[in-house]
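# Fold and contact review
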Amino acid sequence: MSRLFAIARKIEQIADHFRVDVPPSCDVPTETIEGSAGLVIFERDGVRLLKSLTWGFPRHTSEMRHNGEPPGRIGLVADLTNPLWNKTVVDPRYRCLIPLTHFANPDGPKGEKTRAWFSMSRQPLMAWAGFCRNTPEFGPVFGGMTMTANEKVRPYNDRMPALLKPEEYERWLHGTIQDVIEFQFREPPPSDDFEILHTRDRWRSGIPPSKAWATRSNMLI
């Protein structure tokens with residue numbers, strides 16, 4: 001999937017939906033890309049917290065180390081067997097829920113790509129299965145697990161966020177590595193549950209779905 005998502009909800013609505021125990025003291029970002037702030041929900045000592053963290057774990061390559069370059073970022077967890085995730089994906093302490101209302105994929109020819117926003121009609125506030133951890137390089141960060149895309153998303157990208165139903169939140173936060181594997185490799189959510197907002201907004205425009213300049217076909221629906 002592409003590295004862009006948004007939350008078109010107020011902080012109070014997010015806290016209520018995810019049953020956050022401690023009132024949050026953060027703002028809702030208009031959009032989140034790798035290296036920028038996003039919201040996550042995690043549990044510590046039985047207390048559910050909502051925090052603003054940076055999207056993207058540090059990523060080192062042998063070439064980066066050889067050249068003395070700083071680490072890059074990786075915000076998508078696709079291959080659970082990658083040594084980068086050895087401890088993170090196994091330990092429930094590092095699980096989190098990533099709230100979002102939309103995720104985006106680029107649409108159109110190269111050099112003219114626009115934002116196509118995907119949302120769920122029956123679950124306006126979605127939860128993305130995520131991981132979060134404190135890192136020496138970037139401090140507290142998070143990343144989201146991906147899965148095979150459904151038929152509606154696939155023309156734009158062969159991966160999509162691994163989305164959770166409300167009744168699955170507890171299992172994700174406290175389950176085993178077998179649960180993690182099952183969530184990633186199960187059938188994706190039905191295509192009929194998703195809507196696409198095609199826009200005329202350039203991919204790097206920074207315009208969120210709530211202020212999107214829809215294409216004419218969307219405006220006529």
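Check the entry above for the structure.
Residues numbered from 1 in each chain as written. Predicted model: local features only at pLDDT ≥ 70, side-chain atom pairs only at ≥ 80, totals over all residues. Heavy atoms only, no water.

### Details of the pairing of strand E9 (residues 102-107)
In this structure, strand E1 (residues 4-6) lies alongside E9, joined through two bridges in antiparallel fashion. Bridge pairing links Phe5 to Phe103 in E9. Relative to strand E10 (residues 114-120), E9 runs antiparallel, the two being bridged by five bridges. Bridged to Ala104 within E10 is Trp117. Remark: six residues form the turn of the hairpin made by E9 and E10, two consecutive strands paired antiparallel; Gly108 in that turn has positive phi of roughly 105 degrees. (Pairing = 2+ DSSP bridges. Helix = DSSP H or I, 4+ residues; strand = E, 2+ residues; numbered from the N terminus.)

### A look at the pattern of salt bridges
Within the structure shown, the criterion is met by nine salt bridges. Residue Arg115 pairs with Glu31 through a salt bridge whose shortest N-O separation is 2.7 Å. Residue Arg115 is located in strand E10, and its partner Glu31 is located in the loop between helix H1 (11-17) and strand E2 (32-33); the two are separated by 84 residues in the primary sequence. Just as Arg115 is buried, Glu31 falls in that class too. Across the salt bridge formed by Glu168 and Arg186, the nearest N and O atoms sit 2.6 Å from each other. With Glu168 in the loop between strand E14 (163-164) and helix H3 (169-174) and Arg186 in the loop between helix H4 (177-185) and strand E15 (194-202), this pair connects stretches of sequence that are 18 residues apart. In the salt-bridge network here, residues are joined through shared partners; they are Glu43, Arg48 and Glu170. (Salt bridge = Lys/Arg side-chain N within 4 Å of Asp/Glu carboxyl O. Buried < 20%, exposed > 50% of the residue type's maximum accessible area, 1.4 Å probe, protein only.)

### Examining the packing of aromatic side chains
This model, assessed by the stated rule, comprises 12 aromatic pairs. Pairing Phe18 with Tyr169 gives two aromatic rings, centres 5.3 Å apart and planes at 25 degrees, and the pair type is stacked. Taken as a pair, Phe18 in the loop between H1 and E2 and Tyr169 in helix H3 lie far apart in primary sequence, 151 residues in all. The two residues Phe18 and Tyr169 agree in class, both being buried. Clustering of aromatic rings is evident, with ring pairs tying together Phe5, Trp55, Trp128 and Phe142. Of note, Arg73 hangs over the ring of Phe138, and the distance from its end group to the ring centre comes to 3.7 Å. (Phe/Tyr/Trp six-rings, centres within 6.5 Å; stacked < 30°, edge-to-face > 60°. Lys NZ or Arg CZ within 6 Å of the ring centre and 35° of its normal.)

### Looking at the sheet that holds E10
With antiparallel pairing, the five strands of this open sheet are ordered in space as E2-E1-E9-E10-E15. In the strand order of this sheet, the two ends are held by E2 and E15, each with one partner.

### Quick notes on the nonpolar core
Side chains of a nonpolar character, in soluble globular proteins, are inclined to be buried together. Ranked by size, the top nonpolar core spans 54 residues in total, and within it Phe18, Phe103, Met145 and Trp172 carry the most contacts. No other element matches the six residues that strand E11 (residues 126-135) contributes to this core. When residues no more than four places from it in sequence are discounted, the contact partners of Trp172 are Arg95, Cys96, Leu97, Ala129, Gly130, Phe131, Met145, Leu164, Val180 and Phe183. Listed in part, the five residues of the second largest apolar core include Leu4, Ala104, Trp117 and Trp203. (Core = buried A, V, L, I, M, F, W, Y, C linked by side-chain atoms within 4.5 Å. Contact = heavy atoms within 4.5 Å.)

### Examining unusual backbone geometry
In this structure, Arg19 is a non-glycine residue whose phi angle is positive, near 55 degrees. By secondary structure assignment, the location of Arg19 is in the loop between H1 and E2. Judged by relative accessible area, which is 67%, Arg19 ranks as exposed. We note that Asp45 has phi near 55 degrees; this positive angle belongs to a residue other than glycine. Tracing the backbone through its elements, the reader meets Asp45 in the loop between strand E3 (37-44) and strand E4 (47-55).

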